[in-house]
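The chain contents come next:
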Amino acid sequence: MKKWTILMLLFVVAASASAQFEKRTKYVGASLSGLGLSYSSNERFRMGLDLEGGYFLGDCFLLKGNIGYEHTRYTDDVRVGVTARYYFSQNGIFMGAGAEYNHFTKSNNDVMVPVEVGYAFYLNHYLALEPSVYYKMSLHDFSGNSTVGLRVGLSYYF
């Protein structure tokens with residue numbers, strides 16, 4: 001009985017989530033990134049905050065811009081980027097890729113290529129909790145600045 005209840009709950013969540021990924025839907029969100037789990041060869045602890053806004057150009061296809069701040073023990077960086085995200089229909093799983101320009105306070109600037117995989121878990125019709133795993137490849141210093149981490153965001157679809 002417990003398995004059927006969980007299965008029905010997942011079905012209802014998946015069915016209600018598909019309406020948010022339609023063309024002309026708008027998106028705003030905020031997320032914490034790094035969360036102490038990010039890793040690069042230069043620095044093991046990273047904590048960041050991202051603000052995002054986007055627009056669905058087609059069903060399940062989101063184009064979004066972001067601005068963020070990230071803190072490490074030795075440097076702080078500010079970043080601006082553009083990401084395309086694809087939502088697999090009716091289940092909330094998404095994949096995204098894009099480009100970011102990072103300004104590091106104590107070293108060179110960098111261009112990063114972020115890739116992420118995550119899930120949009122809807123709390124109600126408009127609000128979603130979005131955990132994701134990301135990899136950011138550095139084009140300036142591949143081994144030193146590339147990072148892997150965890151992001152948890154809260155998003156509003158309207």
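All values reported here derive from a predicted model rather than from experimental measurement.

1. Brief notes about the pattern of salt bridges
Link 1 in the chain: Enumeration over the complete set of coordinates arrives at ten salt bridges.
Link 2 in the chain: Here E130 and R85 are joined by a salt bridge, their closest N and O atoms 3.1 Å apart. A residue pair is termed long-range when its members are at least 10 positions apart, and E130 in strand β8 (residues 127–138) and R85 in strand β4 (residues 76–87) qualify at 45 residues. In this pair, the class of E130 matches that of R85, namely buried.
Link 3 in the chain: A salt bridge links E100 to K136; the nearest nitrogen and oxygen atoms lie 3.2 Å apart. Of this pair, E100 sits in strand β5 (residues 93–104) while K136 sits in strand β8; the two residues are 36 residues apart in sequence, bridging distant segments of the chain. By the burial criterion, E100 is buried, and K136 matches it.

2. Topic: the environment of D77
Link 1 in the chain: Here D77 is to be found in strand β4.
Link 2 in the chain: Take D77: its relative accessible area is 1%, and that puts it in the buried class.
Link 3 in the chain: As a C-alpha pair, D77 and F104 span 27 residues in sequence and 4.4 Å in three-dimensional space.
Link 4 in the chain: Not counting the four nearest positions on each side in its chain, D77 is found in contact with R46, G68, Y69, E70, N102, H103 and F104.
Link 5 in the chain: In terms of polar contacts, D77 uses its side chain to reach the side chain of N102, at 3.5 Å.

3. Overview of the packing of aromatic side chains
Link 1 in the chain: Applying the stated rule across the entire model yields 14 aromatic pairs.
Link 2 in the chain: With 5.3 Å between their ring centres and 90° between their planes, Y86 and F88 make a pair best called edge-to-face.
Link 3 in the chain: Centroid distance Y87 to Y157: 6.4 Å. Interplanar angle 80°. Geometry classified as edge-to-face. Note that Y87 is positioned in strand β4 and Y157 in strand β9 (residues 147–157), a separation of 70 residues in sequence.
Link 4 in the chain: Sitting over the ring of Y134, K136 keeps its end group 5.3 Å from the ring centre.
Link 5 in the chain: One residue, R151, lies across the ring of Y134, its end atom 4.6 Å from the ring centre.

Cut-offs and rules
Residue positions within a chain follow its written sequence, with the count starting from 1. At least 70 in pLDDT is required for a residue's local features to be given in this predicted model, at least 80 for side-chain atom pairs to be given and counted, and no such filter applies to totals for whole chains, interfaces and linings, which use all residues. Side-chain calculation: all heavy atoms of the structure are included, whereas hydrogens and water are not. Note on definitions: salt bridges are taken to be side-chain nitrogens of Lys or Arg within 4 Å of carboxyl oxygens of Asp or Glu. Counting from the N terminus, the helices are DSSP H or I runs at least four residues long and the strands are E runs at least two residues long. Remark: exposure states derive from per-residue accessible area (1.4 Å probe, protein chains only) relative to the maximum for the residue type, with buried under 20%, exposed over 50%, and partly exposed in between. Whether two residues touch is decided by their heavy atoms; if any such pair falls within 4.5 Å, the residues are in contact. For this analysis, a polar contact is any N or O atom pair within 3.5 Å, provided that within protein one partner can donate a hydrogen and the other can accept it, and provided that sequence-adjacent residues contribute only side-chain to side-chain pairs. Between the rings of Phe, Tyr and Trp (Trp by its six-membered ring), a pair exists once the centres lie within 6.5 Å; its type follows the angle of the planes, with under 30 degrees stacked, over 60 edge-to-face, and the other angles tilted. In our convention, an over-ring charge means Lys NZ or Arg CZ found within 6 Å of a ring centre and within 35 degrees of that ring's normal.

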